[in-house]
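Structure at a glance
Listed below, chain by chain, are the residues.
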Amino acid sequence: MAKKTVVFVCQECGAESPRWMGKCPVCGEWNTLVEETVQPAGKNAHAWVVKSKPLPLTQIENTAESRFSTGIAELDRVLGGGLVPGCLGLVGGDPGIGKSTLLLQVASGVARKLGRVLYVTGEESLAQLKLRALRLDAVCEELIVVSEANTNTICQIISDEKPVLVIVDSIQTMFVEEVPSPPGSVGQVRESTGRFLQLAKGSGICILLVGHVTKGGTLAGPKVLEHAVDFVLYFEGEVHTSFRIVRSVKNRFGSTHEIAIFEMSERGLLPVANPSQFLLSQRPEQSPGSVVVPYMEGTRPLLVEVQALVAPAPFGGTPRRQTTGVDYQRFSIILAVLEKRQGYPLQSHDVFLNIAGGLKLQEPALDLGMAVAVASSISNVSVNPLCAVLGEVGLVGEIRAVRGMEQRLAELNRLGFESCIIPSTNVQGHEPIKVYGVSTIQEALRIAVRG
Ligand code: TYD
Ligand code: MG
């Protein structure tokens, strides 16, 4: 029998080291190396390898043309037009956020339209699954279920049943006998993912893996999981609200940063038909510190409300800065620009910034909205509720151009906004609503909060 060896694997990035170290030499994270026993490949390890032969590119079938719908239009859009045969995808998110719910809805949608779908559960009993399926109205003849955690057995079932789609819930519960470490460890997750990958590519069956997320926000298991799969969808939103966002963070078949918005209801996840309206539905009228930004990640504009609260800091204490939903570093820069260029006394104030609805936003086009919200709160002057704000702020207070202006203004127009403050370099002269072109933060603040 071949010799076993011990290696130390980083839980974050999957890097291997022959000895234990406190800090991973590859990703720089501390205390992430765990011991794993590597066993040489057994006779089963390559059972799913496809014998391949080089072919001219002209003879390769274009599988993108045979994309199929998940049965949920919002999700299809995030995937770039549906699922591609032979793809391996990962759906990640916190426990209880709705991964199993969404995938069971997808499973029944595909089963009703295209035929056999296999749902593998390693977490719930079949009775629990049935109960959930009844609630979701997902019970149908072509949807077959199995409670199993052995990857080799599942691969065998898939080969026998030849379904169109397989859901594996979750990858952290799957194991391969040849790997001695427990389910959920780096070695097990990597090995099982590798086998599902080979099977998907070799057979043209689409396999979706459910992945749990660690407290830090990364997908549990090594980054190799993300590297191996064709796409990664990630659930965002707070478990205690009914609002759920599914974001594509990697997609080999479409653009990334596309988002789908759902509401968790009695009967599962329902797409939100008019997300901008939904996001603005609880906006207070005429309130200092509230600003609407036509935000655009991916290809769809969304109107989001940025809220700032500036309050005098306790005397002698360090002023507090807190953000939810935006990058803290970016926000600090905006505060520094406001303080240095506009003379706002922020050193003596606590500043809080929040994106309503629990969204997490990254686009620099949000900068000017944050600046105006802070200025509006500190000067206690509300911004015209029918005027939106948009633009990237540079370090010297200049306003830089943003992309996708046409779609953003169209969305504002559709929701009844009358005007928008935009970068002057973006002004075309034939906008659907009134625009104020600005080239400095000062001009923007004069229009928005200083009348
Ligand atoms: P679930 O899909 O089990 O989460 P995950 O697989 O990501 O851990 O979702 C669980 C939550 O969703 C649970 O708190 C109940 C709620 N839920 C509904 O509100 N409506 C429904 O129709 C279903 C099936 C679940
Ligand atoms: Mg689940």
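On a predicted model such as this, the values are computed, not experimentally measured, just so you know. (Residues numbered from 1 in each chain as written. Chains lettered and ligands numbered in written order. Predicted model: local features only at pLDDT ≥ 70, side-chain atom pairs only at ≥ 80, totals over all residues. Heavy atoms only, no water.)

**Remarks on the overall build of the protein chain**
Rules: The numbering of helices and of strands both runs from the N terminus, where a helix is a DSSP run of H or I of at least 4 residues and a strand a run of E of at least 2. For each residue, the accessible area found with a 1.4 Å probe, counting protein chains only, is set against the maximum for its type, and the residue is called buried under 20%, exposed over 50%, and partly exposed in between. Residues are treated as being in contact if the distance between any of their heavy atoms lies within 4.5 Å. In these tables, accessible area is a Shrake-Rupley quantity obtained with a 1.4 Å probe, and a residue counts as shielded only by the protein chains included in the view. Positive charge is attributed to Lys and Arg, negative charge to Asp and Glu, and no charge count is given to His or to the chain ends. All charge positions are set by atom: Lys at NZ, Arg at CZ, Asp at CG, Glu at CD.
Helix and strand content of the protein chain: eleven helices and 21 strands. The principal-axis extent of the C-alpha atoms belonging to the protein chain is close to 80 × 50 × 50 Å. In the protein chain, buried positions account for 50% of the 451 residues. When contacts within the protein chain are restricted to residue pairs at least 6 apart in sequence, long-range pairs at least 24 apart make up 67% of them. In the form shown here, the protein chain has an accessible surface area of approximately 20,700 Å², with 53% of it arising from carbon and sulfur atoms. Distance from the positive charge centre (42 side chains) to the negative charge centre (44 side chains) of the protein chain: 3 Å.

**Quick word on the packing of helix H9 (residues 367-379) against helix H11 (residues 441-448)**
Here is the rule: Throughout, an axis means a line fitted to C-alpha atoms (over the contacting stretch in the case of helices), and angles, computed between N-to-C directions, take values from 0 to 180 degrees. Each angle receives one of four descriptions, namely roughly parallel if under 35 degrees, roughly antiparallel if over 145, roughly perpendicular if within 65 to 115, and oblique otherwise. Take the far helix as the reference: if the near one is turned anticlockwise from it by less than a right angle, the crossing is left-handed, and if turned clockwise, right-handed. Note on residue classes: Ala, Val, Leu, Ile, Met, Phe, Trp, Tyr, Cys and Pro are nonpolar, Asp, Glu, Lys and Arg are charged, and everything else, Gly too, is polar.
With their axes 10 Å apart at the nearest point, H9 and H11 run at an angle of 50° to one another. The angle between H9 and H11 places the two elements in the oblique class. The hand of the H9/H11 crossing is right-handed. Touching Leu 368, Ala 371, Val 372 and Ala 375 of H9 are Ile 441, Ala 444, Leu 445 and Ala 448, all from H11. Of the residues contributing to the contact of H9 with H11, the split by class is eight nonpolar, no polar and no charged.

**Notes on the pairing of strand E16 (residues 349-355)**
In plain terms, the rule: At least two bridges found by DSSP between two strands is the condition for calling them paired. The crossover handedness rule: strands pointing away from the viewer, path from first strand over the helix to second strand clockwise, crossover right-handed.
When you tally the buried positions in E16, you get five out of seven residues, the bulk of the element. Bridge analysis of strand E14 (residues 300-312) against E16 gives seven bridges, and the strand direction is antiparallel. The residue of E16 that forms the bridge with Leu 309 is Phe 352. Pairing geometry for strand E15 (residues 321-324) and E16, over four bridges, is parallel. Looking at the pairing, Thr 324 lines up with Asn 354 of E16. Crossover connection from E15 via helix H8 (residues 328-342) to parallel E16: handedness left-handed.

**Things to note about the domain arrangement of the protein chain**
By convention, interface size is frequently given as the accessible area that disappears when the constituent parts associate. Going by this rule: Domain start and end points were adopted from an automatic or database domain assignment.
According to the domain assignment, the protein chain contains domain 1 (1-38), domain 2 (68-273) and domain 3 (278-448). Here the C-alpha centroids of domain 1 and domain 3 sit 45 Å apart.

**Examining the packing of aromatic side chains**
How two aromatic rings sit relative to each other is set out by the distance from centre to centre and by the angle between their planes. So the rule is basically this: Classification of ring pairs uses Phe, Tyr and Trp, with its six-membered ring standing for Trp, and accepts pairs whose centres are within 6.5 Å; under 30 degrees between planes counts as stacked, over 60 as edge-to-face, and the remaining range as tilted.
Within the structure shown, the criterion is met by one aromatic pair. Measuring from ring centre to ring centre gives 5.2 Å for Phe 243 and Phe 278, while their planes differ by 20°; the resulting arrangement is stacked. Residue Phe 243 is found in strand E10 (residues 243-251), and its partner Phe 278 is found in helix H7 (residues 275-280); the two are separated by 35 residues along the sequence.

**Some thoughts on the site of ligand 1**
Note the cut-off: In these notes, residues near a molecule or strand are those with any non-hydrogen atom within 4 Å of it. Two N or O atoms count as a polar contact when they lie within 3.5 Å, although within protein this holds only if one can serve as hydrogen donor and the other as acceptor, and sequence-adjacent residues are included solely when both atoms are side-chain atoms.
Every one of the 16 residues lining ligand 1 counts as a neighbour, but Gly 96, Lys 99, Ser 100, Thr 101 and Ser 265 are closest to it. Ile 97 places a polar main-chain atom, nitrogen or oxygen, 3.4 Å from an oxygen atom of ligand 1. At 2.5 Å, a side-chain N or O of Thr 101 approaches an oxygen atom of ligand 1. Starting from 560 Å² of accessible surface for ligand 1 in isolation, the protein chains cover 73%. Where the shell around ligand 1 is concerned, the elements lending two or more residues are helix H2 (99-114), helix H3 (126-135) and strand E11 (259-265).

**Examining unusual backbone geometry**
Backbone torsion omega between Asp 169 and Ser 170 reads 0°, so that peptide bond is classified as cis. Within the secondary structure, Ser 170 is located in the loop between strand E7 (165-169) and helix H5 (186-203). Look at Asn 31: it is not a glycine, yet its phi comes out positive at around 55°. Position of Asn 31 relative to the elements: it lies in the loop between strand E2 (16-17) and strand E3 (33-38). Residue Asn 31 is classed as exposed on the basis of its relative accessible area, which comes to 62%.

**Here we look at the nonpolar core**
Rules: The criterion is simple. A nonpolar core is a set of buried Ala, Val, Leu, Ile, Met, Phe, Trp, Tyr and Cys residues joined through side-chain atoms within 4.5 Å.
Core analysis: the biggest nonpolar cluster contains 62 residues, and Val 304, Leu 366, Leu 368, Val 372, Val 374 and Ile 441 have the highest contact counts within it. If you look at the next biggest cluster of nonpolar residues, it comprises 37 residues, including Leu 102, Val 110, Ala 111 and Leu 165.

**Some remarks on the side chain of Glu 74**
By the element assignment, Glu 74 lies in helix H1 (residues 73-79). When its relative accessible area of 11% is taken as the criterion, Glu 74 is described as buried. Reaching out from Glu 74, the side chain makes a polar contact with the side chain of Arg 300 at a distance of 3.4 Å. Ignoring any residue separated from it by four or fewer positions in sequence, one finds Glu 74 in contact with Ile 259, Ala 260, Ile 261, Phe 262, Pro 271 and Arg 300.

**A word on the sheet that holds strand E17 (residues 387-389)**
A sheet is described by the order of its strands in space; here three strands give the open sequence E17-E20-E21, paired in parallel fashion. Either end of the sheet is taken by a strand with one partner, and the two such strands are E17 and strand E21 (434-438). Going from strand to strand, the sheet's axes swing by 25° on average, the running direction of each strand aside. Those strands touched by H11 are strand E20 (419-423) and E21, and its axis lies near 145° from that of E21.

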